[in-house]
Amino acid sequence: MFHALLLSVLLAATPQTARVVAVHDGDTITVKFDGHTEKVRLVGIDSPELQDERQAYRDAAYAARDHARTRLGGEAVTLEAEPRQGDRDAYGRLLRYVVLSDGTNVNEDFVRKGYAHVYDKFQFTLKPRFKAAEAEAKREKLGVWKLPPGRWREVPSTR
């Protein structure tokens, strides 16, 4: 039991190389590594929901997903854990920074280009960098910063 826990902690701390096999939306992908697939939630960002009831927010969600598909589809990436958060979120997805072979932190890049905003609810090491990128996107009125004022999410109830 102890050895399994130790192995889990070491794997989370070690960057992993993976191939992106699916993009679900602007902040969730599926990758394949070590012979299995995992859903990954990009740490520190939140993009609009595809099922938002407001057309403008849905359009922004599809733009974020399409950009993620173009940027990440089929790419080899490095997954880096965030030490200030757990290994997985409440839905069982790995929480990771996604880094391209040229060193681009995709999470930060999506904020900088307006496809997502900083997920302030959680603490993470790169938050100051992400907030600076977000301020740039706000100034330039990119992507999500063109949306009409309102709650970040308005999705149909699943009950």
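Scroll up to find the structure this text is about.
My aim in this report is to walk through the structure given alongside it, one point at a time. (Residues numbered from 1 in each chain as written. Predicted model: local features only at pLDDT ≥ 70, side-chain atom pairs only at ≥ 80, totals over all residues. Heavy atoms only, no water.)

Counted according to the given criterion, the structure contains four aromatic pairs. Consider the rings of Tyr97 and Phe130, whose centres lie 6.1 Å apart with planes at 80 degrees: the pair is edge-to-face. Of the two residues, Tyr97 sits in strand E6 (residues 94-99) while Phe130 sits in helix H4 (residues 127-140), which places them 33 residues apart along the sequence. For the pair Tyr97 and Phe130, a shared accessibility class is recorded, and that class is buried. A ring pair is formed by Phe110 and Tyr115, whose centres lie 6.4 Å apart and whose planes are at 70 degrees; its orientation type is edge-to-face. (Phe/Tyr/Trp six-rings, centres within 6.5 Å; stacked < 30°, edge-to-face > 60°. Helix = DSSP H or I, 4+ residues; strand = E, 2+ residues; numbered from the N terminus. Buried < 20%, exposed > 50% of the residue type's maximum accessible area, 1.4 Å probe, protein only.)

Before going further, it helps to spend a moment on the environment of Glu108. Looking at where Glu108 falls in the secondary structure, it is placed in helix H3 (residues 106-112). Taking the C-alpha atoms as reference, Glu108 lies 9.3 Å from Val98; in sequence the two are 10 residues apart. Here Glu108 is in contact with Arg129, Phe130 and Ala133, once residues within four sequence places are set aside. (Contact = heavy atoms within 4.5 Å.)

Let us now look at the side chain of Arg93. Assignment of secondary structure puts Arg93 in the loop between strand E5 (76-81) and E6. In terms of polar contacts, Arg93 uses its side chain to reach the side chain of Asp89, at 2.7 Å. If we skip the residues at most four places from it in the chain, Arg93 touches Thr28, Lys39, Val40, Arg41, Asp87 and Arg88. (Polar contact = N/O pair within 3.5 Å; in protein donor to acceptor, adjacent residues only side chain to side chain.)

In terms of residue burial, strand E2 (residues 28-33) counts as a mostly covered element, since five of its six residues are buried. Two strands pair when backbone bridges link them, and strand E1 (residues 16-25) and E2 are joined in this way by five bridges, in the antiparallel orientation. Across the sheet, residue Ala22 finds its bridge partner in E2, namely Thr30. Taking the residues between adjacent antiparallel strands as the criterion, E1 and E2 are bridged by two residues. With six bridges connecting them, E2 and strand E3 (residues 36-42) associate as antiparallel partners. Residue pairing across strands places Phe33 opposite His36, the latter belonging to E3. If you look at the hairpin formed by E2 and E3, you'll find two residues sitting between the two strands, and Asp34 has a positive phi there, around 50 degrees. (Pairing = 2+ DSSP bridges.)

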